[in-house]
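Listed below, chain by chain, are the residues.
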Amino acid sequence: MQNNGKSLSYLTKEGLHNVWVNRMMSIASIAVLTSCLTIIGCAAMLFFNVGEMLDKVGDQSVIMVFVKDGADDAATKQVGDAISKIENVRQVTFVPKEESWEEQVESLGESAGILEGLQNPLPDAYEVTVEDLELFDSTVKKISEVENVLNVRENSDLAAQISSLSHSVGLVSLGIIILLFLVSLFIISNTVRITMYNRRLEISIMKAVGATNSFIRWPFMIEGIVLGIIAAFVSLGLVALIYSIVSKAFMDFMSGIGFSLLSFSGYWWQMLACFVAVGVLTGVFGSAVSMRRYLTEQKGESDEI
C-alpha cells in the first residue's frame, strides 16, 4: 500500500514536471483550450441574457380575465381564487373596474370630456401571468372554464413565438458548447500524442523494463488535467473581462429598451466549475484516447518486428 502511494506520488510529480519540460506545447494547448472555453463562456452568458429578456417579454404576455357584470364581490373573489389554483399560473392581480375606467379617461387626455355623464361599462378583471409559455393555450382554456368568467383576452401568437425562440436559442447554445467541447478534446489528445512522440524513446525503455500501460499513462493524464485546469481559470478571467467591456458598451442601449444585462458575479462560480469539469474531462479522455492509440500502434510495430 505504501509502495503504491509512493508510485502515485512519483507519477503525479512526473506529470507536473512534464508540463514545464514541454512548456511550449503546454502553452499552445492552454491557449487553444482557453479560446474554446472562452467562447463557451461568452455563448453561455449570451444565452442567459437572451433567456432573461425572453422571460421579461413573456411576463408582458398578460392574460386579461374579465368577470361577468352580475357577479358580486364574493363571486368576483372566487374567480380570482379559482384562477390562482390553476396549474401554470404564476401571478393573479385584481384590476377593479373603477381603476380601468380611470386609465381609459386619462388615456384620452383633453378629449376625456366626451365620457362625462357616462356610466362605467367596464367589468372587473384579473391580470394573469403564467410560468410556462408552452402551456399557454391549455392554461387559457382552463381559465375560460372558471365560473363567472365573462371573457378572456390573450395573445397566444406572441406566447408561441417567444417559446419557439427560447427553444431555438437553447439548441444553438447547446450545439456550440458540444462542438467546442469536441474541439477541446481533439486539441488535448493531439497535444498528448505529440508529447508522447517526442518521448517515444523513454516510453520504449519503460516498456522494455516491464512498466505497465497504467504506469505510463498516469503522468500524461496528470499533464492533460493540469493544462485543462489552468485553461479554466484563464478562461474565466477572459470571459469576465469581455463581459465587462460588452456590458459597458451596451449599457445605454439596453436601458433604452427597458432591459439590463445580468451581473457576471451571479454566474462566475458555476462557470468556473463547468470550465474545470470540461478541462479535467478533456484532459483525462484526451490523454486516455491518445495513449491507447499510441500504445496499440507501438504494440503492433513490436509484433511485426
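Quick caveat: nothing in here was measured; it's all calculated off a predicted structure.

Criteria and cut-off values
- Residues numbered from 1 in each chain as written.
- Predicted model: local features only at pLDDT ≥ 70, side-chain atom pairs only at ≥ 80, totals over all residues.
- Heavy atoms only, no water.
- Phe/Tyr/Trp six-rings, centres within 6.5 Å; stacked < 30°, edge-to-face > 60°.
- Buried < 20%, exposed > 50% of the residue type's maximum accessible area, 1.4 Å probe, protein only.
- Core = buried A, V, L, I, M, F, W, Y, C linked by side-chain atoms within 4.5 Å.
- Helix = DSSP H or I, 4+ residues; strand = E, 2+ residues; numbered from the N terminus.
- Contact = heavy atoms within 4.5 Å.
- Pairing = 2+ DSSP bridges.
- Axes fitted to C-alpha atoms, helices over the stretch in contact; angles between N-to-C directions.
- pLDDT = per-residue confidence, 0-100.
- Arc of directions from axis to C-beta.
- Expected span 1.5 Å × (residues − 1).
- Salt bridge = Lys/Arg side-chain N within 4 Å of Asp/Glu carboxyl O.

So, on to the packing of aromatic side chains. Applying the stated criterion across every chain yields a total of four aromatic pairs. Between the aromatic rings of phenylalanine 47 and phenylalanine 48, the centroid separation amounts to 6.0 Å while the plane-to-plane angle is 55°, which identifies the pairing as tilted. Overall, the relative accessible area of 30% leaves phenylalanine 47 in the partly exposed class. Since its relative accessible area comes to 30%, phenylalanine 48 is described here as partly exposed. Taking the centre distance of 4.8 Å and the plane angle of 20° together, the rings of phenylalanine 48 and tyrosine 267 count as stacked.

Grouped together as the largest cluster of nonpolar side chains are 23 residues, with contacts concentrated most on Leu37, Met45, Leu236, Val239, Phe264, Met271 and Phe275. Listing elements by their share of this core, those giving two or more residues are α2 (23-59), α8 (213-256) and α9 (268-304). With eight residues, α8 is the single largest residue contributor to this core. Once residues lying within four places of it in the same chain are set aside, the contact partners of leucine 37 are Ala231, Ala232, Ser235, Phe275 and Val278. Of all hydrophobic cores here, the second largest spans 19 residues; its members include Ile63, Val65, Val79 and Ile143.

The next thing to look at is the sheet that holds strand β4 (residues 149-153). Ordered by their spatial adjacency, four strands build an open sheet running β2-β3-β1-β4, and the pairing between neighbours is antiparallel. What marks the edges here is a single partner per strand, and that holds for β2 (89-95) and β4. When the angles between neighbouring strand axes are averaged without regard to direction, this sheet yields 20°. Bridging between strand β1 (residues 63-67) and strand β3 (residues 125-130) involves four bridges; their strand directions are antiparallel. Bridge pairing links valine 65 to tyrosine 126 in β3. Those strands touched by helix α3 (residues 73-84) are β1, β2, β3 and β4, and its axis lies near 165° from that of β2. Packing of helix α5 (residues 136-144) onto the sheet brings it into contact with β1, β2, β3 and β4, and relative to β4 it is tilted by some 160°.

Bringing the confidence of the model for the chain into the picture now. Atomic detail in the predicted coordinates should be set aside for any region of low pLDDT. Across the chain, the average pLDDT comes to 75, with 68% of residues at or above 70. Considering each helix and strand of the chain separately, the mean pLDDT is smallest for helix α1 (residues 2-21), with a value of 63, and largest for α3, with 89.

Attention now goes to α5. Taken together, the buried positions of α5 are occupied by Phe136, Thr139, Val140 and Ile143. For α5, the angular spread of the buried residues around the axis is 100°, confining them to a single face. Relative to its buried face, α5 has exposed residues pointing more than 90 degrees away, namely Asp137 and Lys141.

A rise of 1.5 Å per residue sets the reference length of α3, with its twelve residues, at 16 Å; its end C-alpha atoms lie 17 Å apart and thus fit the reference within 8%. Residues Ala75, Thr76, Val79, Gly80 and Ile83 constitute the buried set of α3. Projection of α3 onto a plane perpendicular to its axis shows the buried side chains occupying an angular sector of 145°, all on one side. Exposed and oriented more than 90 degrees from the buried face of α3 are Asp73, Lys77 and Gln78. Taken together, the buried residues of α3 touch β1, β2, β3, α5 and β4.

Attention shifts here to the pattern of salt bridges. By the definition in use, this model includes two salt bridges. Across the pair lysine 77 and aspartate 81 runs a salt bridge, and its minimum N-O distance is 3.2 Å. One end of the pair is lysine 77 and the other is aspartate 81, both in helix α3 and four residues apart, which spans about a single turn. Owing to a relative accessible area of 33%, aspartate 81 belongs among the partly exposed residues under this scheme.

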